[in-house]
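Structural features, examined
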Amino acid sequence: MRRIASFGLVACFYLIIISTATGQTSMTNVLGRKLTSLNGKWQVIIDPNDAGEGVGIGKDAKAKGKTDFLEYSFDETTTLNVPGDFNSQMPELTYYESSVWYKKTFTYHKTDKRLFLHFGAANYIADVYFNGEKIGSHEGGFTPFQFEITDKVKEENSIVVRVNNQRHKDGIPAMGYDWFNYGGLTRDVNLIETPATYIVDYFVQLKKASLNQIEGWIKLSGNKAKQQVRLLIPEAKINYVITTNDTGYAHYELKAKLALWSPWQPKLYSVQIKAETDSINEAIGFRTIESKATAILLNGKSIFLKGVNIHEEISIEKRKAINEKDALQLLTAAKELGCNFVRLTHYPHNEYMVRLADKMGILLWEEIPMWQNIAFGEPGMQSRMENMMKEMIQRDQNRSSIIIWSMSNETRPTPARTASLISLASVVRQKDSTRLIASALNHINFNKNVVTIDDSLCSVLDVVGVNAYLGWYRQWLAEPKDYVWQSPFNKPLIMTEFGAEALYGHHGSADTASNWTEEYQEHVYKDNIVMLKNIPFLSGTTPWILYDFRSERRMNGTYQKGWNRKGLLSDKGEKKKAWYVMKTFYDSIP
Ligand code: GCU
């Protein structure tokens, strides 16, 4: 799907987009399926010049005669662990941004089942070869994709995947983003067997603004499209029969008396979708989320979102977060801060995070990586962002913890950007009418101590996020208590980023930013909280950020050394003084 190289201004006027077969959108609830894990050691070839496609690595061939030879080969000793970023696994790959070729073989005994090869994610582009044949590609580093291999699988099989994490001007994200560009097969890889006609997608949630009506749909894939399907929620005495049409689709609505999911009571129900040829189970919570004027309503009641930003990283080990244990560490640290809300920045995190948030009762903001310098209006951009948004929603649409889908972060309000995001918002609403749509903005009007939210994109948002680093990137022009925030949009505001840097254990003056002291960071937090308390339409806060995190662009040789030090916790999880300021603030909110 990656565009052919642009030839220069004139020639690319009719840029031809030659897209290879793309990965299919992942089936819903992979974790509810019978999986054969392909996790573990994969053989690899490091391909810094990205020459592998040209020499045919995907074919995984062997020299046959006396005169032929191959200038590549996988060997038993050069391996990487999957899932996992490749940067943290080999010293020579620490800052690597190019291609790594992965290989895995497996034996399979044919059955009457359909067989899928499923990737939790691969950053940034993946080209997938199966038994020497290219079966497709996927672009986007943070959402799942799959390929049906039913008709291609043999007794002995070989998978070869080229994963390339180079940045692209028209990528999502694009070039200079402020987090570490971990590349590779960063999430689980599985084989999934399904019946010939299987439940490929379904939505089971409360109808928008209803506390006792479930509305959703079921989608079957396969020849036996018309089937009787039961929606079973035994604990709620629901045994509801639906009949799919000749495309395998059925919409349904039904009354339901349910204990509502919330941070205080994260009630999950065992839900079974039972068709004639397939069935699948999962735990689902039921709640409603709405915005009404400047309030956010959870189950009809106003809630203040006490949040924090989290990157998908285990800082102490300098690696991507990849599994349930990692998710537990990150979300437990958020809970300890007093959070009922987490902004998963700046991309969809792994599925363990969202499923654990369901269990722990943590509300989530999830976003696609439309970070700052996105090439809005360029050929292919709209479909690229729509694909990423659809893949994110498809994976997580039945997660009660997710209340907000966010489209962008700090994108400049050009006409192309605003038109593009207004169009994207309608795609999101069409895919999921039940959740709130947001963006995190930072191009708003600061006129001394008067701050006006004047980004026209707000007209299509349900919730407005603002990133404002008063006391760090932007100096105070008045006392924090004298700041006046105003907005013509009458919508809830979440202060989605604020804070400052500090090196844990480094102490000194509270009034000099360039010393990176804990006292300076603490001072910034105290000042911001004074200001935040005076914003009448504020419905939530997510300080930037829970942990110090890696970012190649943070190059202060004394305090940063490749780390962004805005964490409330150090990279080792040590609490800075500012952590206690936020904790006290959150504990003061009922
Ligand atoms: C921005 C951006 C973050 C970044 C942060 C910072 O607002 O959204 O991704 O890390 O500021 O500069 O630390």
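Not measured: the values here are computed from a predicted model.

Reading the values: rules and limits
- Residues numbered from 1 in each chain as written.
- Predicted model: local features only at pLDDT ≥ 70, side-chain atom pairs only at ≥ 80, totals over all residues.
- Heavy atoms only, no water.
- Phe/Tyr/Trp six-rings, centres within 6.5 Å; stacked < 30°, edge-to-face > 60°.
- Lys NZ or Arg CZ within 6 Å of the ring centre and 35° of its normal.
- Pairing = 2+ DSSP bridges.
- Helix = DSSP H or I, 4+ residues; strand = E, 2+ residues; numbered from the N terminus.
- Axes fitted to C-alpha atoms, helices over the stretch in contact; angles between N-to-C directions.
- 1 Å grid on protein atoms, 1.4 Å probe; cavity = no way out; pocket = protein on both sides within 12 Å on 5 of 7 lines; lining within 4 Å.
- Points joined across faces, edges and corners; volume = space filled by probe spheres on them.
- Nonpolar A, V, L, I, M, F, W, Y, C, P; charged D, E, K, R; others polar.
- Domains from an automatic or database assignment.
- Near = heavy atom within 4 Å.
- Polar contact = N/O pair within 3.5 Å; in protein donor to acceptor, adjacent residues only side chain to side chain.
- Areas by Shrake-Rupley, 256 points an atom, 1.4 Å probe, with all protein chains shown as cover.
- Salt bridge = Lys/Arg side-chain N within 4 Å of Asp/Glu carboxyl O.
- Buried < 20%, exposed > 50% of the residue type's maximum accessible area, 1.4 Å probe, protein only.
- Core = buried A, V, L, I, M, F, W, Y, C linked by side-chain atoms within 4.5 Å.
- Contact = heavy atoms within 4.5 Å.
- Buried area = accessible area lost by both parts, 1.4 Å probe.

Focus on the packing of aromatic side chains
All chains considered together, the criterion is met by 28 aromatic pairs. Note on Trp472 and Tyr473: the rings are 6.5 Å apart at their centroids and 70° apart in plane angle, and the pair reads as edge-to-face. Each residue in the set Tyr469, Trp472, Tyr473, Trp516, Tyr520 and Tyr559 is aromatic and connected to the rest through ring pairs, giving one cluster. One residue, Lys267, lies across the ring of Tyr269, its end atom 4.8 Å from the ring centre.

Let's talk about the sheet that holds strand 25 (residues 341–344)
If you trace the 8 strands once around the closed barrel, you get 22-25-26-27-28-31-33-34, paired in parallel fashion. With direction set aside, neighbouring strand axes in the sheet form an average angle of 30°. Sheet topology places strand 26 (residues 363–367) next to strand 27 (residues 402–409); 4 bridges connect them, and they run parallel. Note that in strand 27 the partner of Leu364 across the bridge is Ile402.

What about empty space enclosed by the protein?
Counted under the stated rule, the structure contains 5 cavities of 30 Å³ or more. Taken as a whole, the largest cavity holds about 170 Å³ of empty space. Surrounding the largest cavity, 13 residues form its lining, Leu31, His118, Gly120, Asp188 and Glu351 being those nearest its centre. Among the residues making up the lining of the largest cavity, the classes are represented as 5 nonpolar, 4 polar and 4 charged. Two domains each donate at least three residues to the lining of the largest cavity, and these are domain 1 (5–194) and domain 3 (291–587). A volume near 80 Å³ is recorded for the second largest cavity.

Here's the deal with the site of the ligand
Taken together, the neighbourhood of the ligand is formed by 14 residues, with Asp178, Glu410, Tyr473, Glu497 and Lys566 sitting nearest. Within the contact set of the ligand, an oxygen atom lies 2.3 Å away from a side-chain nitrogen or oxygen of Glu410. Between the ligand and the protein, one listed contact pairs an oxygen atom with a side-chain N or O atom of Tyr469 at 3.4 Å. Coverage of the ligand by the protein chains reaches 96% of its 320 Å² of free accessible surface. Considering only residue class, the shell around the ligand consists of 5 nonpolar, 4 polar and 5 charged.

Focus: the pattern of salt bridges
Taken as a whole and judged by the stated rule, the model has 45 salt bridges. Glu351 is paired through a salt bridge with Arg355; the nearest N and O atoms lie 2.9 Å apart. Within this pair, Glu351 and its partner Arg355 are both found in helix 3 (residues 351–360), separated by 4 residues, close to a single helical turn. Here the two residues Glu351 and Arg355 agree in accessibility, since each one is buried. Asp432 is the salt-bridge partner of Arg435, the closest N and O atoms lying 2.8 Å from each other. Each member of the pair, Arg435 together with Asp432, is buried. Ionic contacts of the salt-bridge type, sharing partners, join the residues Asp50, Glu53, Asp127, Lys134 and Arg162 into one network.

Comments concerning the nonpolar core
Core analysis: the biggest nonpolar cluster contains 80 residues, and Trp485, Leu493 and Met495 have the highest contact counts within it. The two domains that each donate at least three residues to this core are domain 1 (5–194) and domain 3 (291–587). For Leu493, the residues in contact, after removing those within four places along its chain, are Ile453, Val464, Val466, Trp485, Ile535, Phe537, Leu538, Ser539 and Gly540. By size, the runner-up hydrophobic cluster in this structure holds 31 residues, among which are Phe130, Ile135, Leu185 and Leu191.

Regarding the domain arrangement of the chain
Taken domain by domain, the chain consists of domain 1 (5–194), domain 2 (198–290) and domain 3 (291–587). Its C-alpha centre places domain 1 at a distance of 34 Å from the equivalent point of domain 2. Tallying the contact residues gives 9 residues for domain 1 and 12 residues for domain 2. Across the interface of domain 1 and domain 2, roughly 770 Å² is buried in total on both sides, 42% from carbon and sulfur atoms. The largest per-residue losses of area from domain 1 upon contact with domain 2 belong to Thr28, Asn29 and Arg33, which jointly make up 60% of the total buried on that side. At the boundary of domain 1 with domain 2, the tally comes to 1 salt bridge.

Quick word on the environment of Glu518
Note on placement: Glu518 falls in helix 6 (residues 518–532). Note on Glu518: relative accessible area 2%, which makes it buried. Setting aside residues up to four positions removed in sequence, Glu518 forms contacts with Ala502, Leu503, Tyr504, Gly505, His506, His507, Lys575, Lys576 and Lys577. Here Gly505 takes part through its backbone nitrogen, which lies 2.7 Å from a polar atom of the side chain of Glu518.

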